[in-house]
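# Observations on the three-dimensional arrangement
Chain by chain, the residues:
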Amino acid sequence: MTSSTQTIPEHRDLPRHIAVIMDGNGRWAKKRLLPRVAGHKKGLEVLEALTAICSRLGVDYLTVFAFSTENWRRPQEEVGFLMGLFLQSLQKRVKKLHKNGLRLKIIGDRSRFAPSIVAGIEAAEALTANNTGLTLTIAADYGGRWDILQAANQALATGVKVLDEAALAPYLALSEAPEPDLFIRTGGETRISNFLLWQLAYTELYFTPVLWPDFDEAALMHAVHSFQTRERRFGRTSEQLPIHLQRP
Ligand code: IPE
Ligand code: IPE
Ligand code: MG
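Described below are features of the structure shown in this document. (Residues numbered from 1 in each chain as written. Chains lettered and ligands numbered in written order. Predicted model: local features only at pLDDT ≥ 70, side-chain atom pairs only at ≥ 80, totals over all residues. Heavy atoms only, no water.)

This brings us to the overall build of the chain. Of the regular secondary structure elements, the chain holds 8 helices and 6 strands. Mapped from its N terminus to its C terminus, the chain presents α and β elements in the order β-α-α-β-α-α-β-α-β-α-α-β-β-α. By principal-axis analysis of the C-alpha atoms, the chain measures approximately 55 × 50 × 35 Å. The buried share among the 248 residues of the chain stands at 47%. For the chain, the proportion of contacts with a sequence separation of at least 24, taken over those separated by at least 6, is 74%. Total accessible area on the chain stands at roughly 12,700 Å², and carbon and sulfur atoms take up 55% of it. Distance between charge centroids for the chain: 5 Å, based on 30 positive and 26 negative side chains. (Helix = DSSP H or I, 4+ residues; strand = E, 2+ residues; numbered from the N terminus. Buried < 20%, exposed > 50% of the residue type's maximum accessible area, 1.4 Å probe, protein only. Contact = heavy atoms within 4.5 Å. Areas by Shrake-Rupley, 256 points an atom, 1.4 Å probe, with all protein chains shown as cover. Lys, Arg positive; Asp, Glu negative; His and termini not counted. Charge placed at Lys NZ, Arg CZ, Asp CG, Glu CD.)

And the structure:
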């Protein structure tokens, strides 16, 4: 897919691809004197609702960070709960996605997952592979550095001697999708936390203190409206842009 450092992407008012770091589940639960895992449960419901809203709006790709390569460092109990929740939703919630014509993809390193999870991932992807609606990509055991390295290693294995963007691109985790137009991080932190390092090169970044379990349609529209005020120059000057894309 088109690279923003090679060609200038087409302009759209509505982001075609939104990438989200769903952060703040633990703090949401803590505020309510609930165990952290209650925040993860609620967070999953919010993801389901947001996916439906994005699909209705006409967003083509929604990519969400569910579990990072660094999240294995969490207490075993929390990791175990998250894995259980992941498996359960692969088995149950995917049917609804399929019914609504959505496509599900999982990106990340599958080698550390239990065989039941890997089987669940493969079945869910196969079930929804031919759907033409919104593509929901869940990043699980995903890290931006892992992605770049695995792509580089795959490219080198083909016998390529010098890597360039074209050689690397087909092996990157989101190779079929356009680069994200809008990045949203909930939960108040203003960092990327090893999410899509390569693909966010020219993405518009939006940070909000809203905790993920509280992120609703109004909060999403706030992010989209912020996106619509941005002047996307891709290296050019403001004066070089068509007048309707220039922002005061
Ligand atoms: C994000 O919420 C979900 C995952 C990382 C799985 P957190 O669990 O990081 O919530 P906070 O940041 O502790 O509030
Ligand atoms: C980022 O959230 C990863 C996910 C949302 C899955 P974290 O809560 O793990 O991020 P850091 O470690 O605080 O930056
Ligand atoms: Mg967090």
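From this point, the discussion proceeds with the structure in view.
With that out of the way, let us pick up the site of ligand 2. I21, M22, D23, F65, A66, F67, N71, R74, R185, R191 and S193 make up every residue found near ligand 2. Within the side chain of N71, a nitrogen or oxygen atom sits 2.9 Å from an oxygen atom of ligand 2. Within the side chain of S193, one N or O atom sits 2.5 Å away from an oxygen atom of ligand 2. Across the complex, the protein chains shield 78% of the 390 Å² of accessible surface that ligand 2 would expose by itself. With 3 residues, strand β2 (residues 61-68) is the single largest residue contributor to the shell around ligand 2. Each residue belonging to the shell around ligand 2 can be placed in one class, and the counts come to 5 nonpolar, 2 polar and 4 charged. (Near = heavy atom within 4 Å. Polar contact = N/O pair within 3.5 Å; in protein donor to acceptor, adjacent residues only side chain to side chain. Nonpolar A, V, L, I, M, F, W, Y, C, P; charged D, E, K, R; others polar.)

Further remarks concern the site of ligand 1. All residues in the neighbourhood of ligand 1 are listed as M22, D23, G24, N25, G26, R27, R36, H40, A66, N71, R74 and L82. In the environment of ligand 1, an oxygen atom lies 3.1 Å from a nitrogen or oxygen atom belonging to the backbone of N25. Within the side chain of R74, one N or O atom sits 2.7 Å away from an oxygen atom of ligand 1. Relative to its unbound accessible surface of 380 Å², ligand 1 loses 87% to contact with the protein. For the shell around ligand 1, the elements supplying multiple residues, two or more each, are α1 (25-31) and α2 (36-57). Classifying every residue of the shell around ligand 1 gives 3 nonpolar, 5 polar and 4 charged.

By the definition in use, this model includes 19 salt bridges. For K105, the salt bridge is made with E176, and the minimal N-O distance between the two is 3.9 Å. With K105 in strand β3 (residues 103-107) and E176 in the loop between α7 (165-168) and β5 (182-185), this residue pair connects regions lying 71 residues apart in the sequence. The exposure class assigned to E176 is partly exposed, which follows from its relative accessible area of 47%. Note that R230 and E204 form a salt bridge whose closest N and O atoms lie 3.3 Å from each other. Here R230 is found in the segment after α8 (217-228), whereas its partner E204 is found in strand β6 (residues 204-207), with 26 residues between them in sequence. (Salt bridge = Lys/Arg side-chain N within 4 Å of Asp/Glu carboxyl O.)

Across the 5 residues that make up strand β1 (residues 17-21), a large majority, 5, are buried. With burial as the criterion, each face of β1 is covered, one bearing H17, A19 and I21 and the other bearing I18 and V20. Bridge count between β1 and β2: 5 bridges; the pairing is parallel. For I21, the partnering residue across the bridge sits in β2 and is F65. Sheet topology note: the β1/β5 ladder contains 4 bridges and is parallel. By the bridge assignment for β5, I21 is matched with R185. (Pairing = 2+ DSSP bridges.)

The next point concerns the side chain of T135. Locating T135 in the fold gives a position in strand β4 (residues 135-142). Residue classification places T135 among the buried residues on the basis of a relative accessible area of 3%. In terms of polar contacts, T135 uses its side chain to reach the side chain of R103, at 3.0 Å. Ignoring sequence-local partners within four residues, the contact set of T135 consists of D60, Y61, L62, R103 and K105.

The residue L33 is not glycine, and still its phi comes out positive at about 60°. Tracing the backbone through its elements, the reader meets L33 in the loop between α1 and α2. Judged by relative accessible area, which is 79%, L33 ranks as exposed. Phi is positive for N194, which is not a glycine, with a value near 60°.

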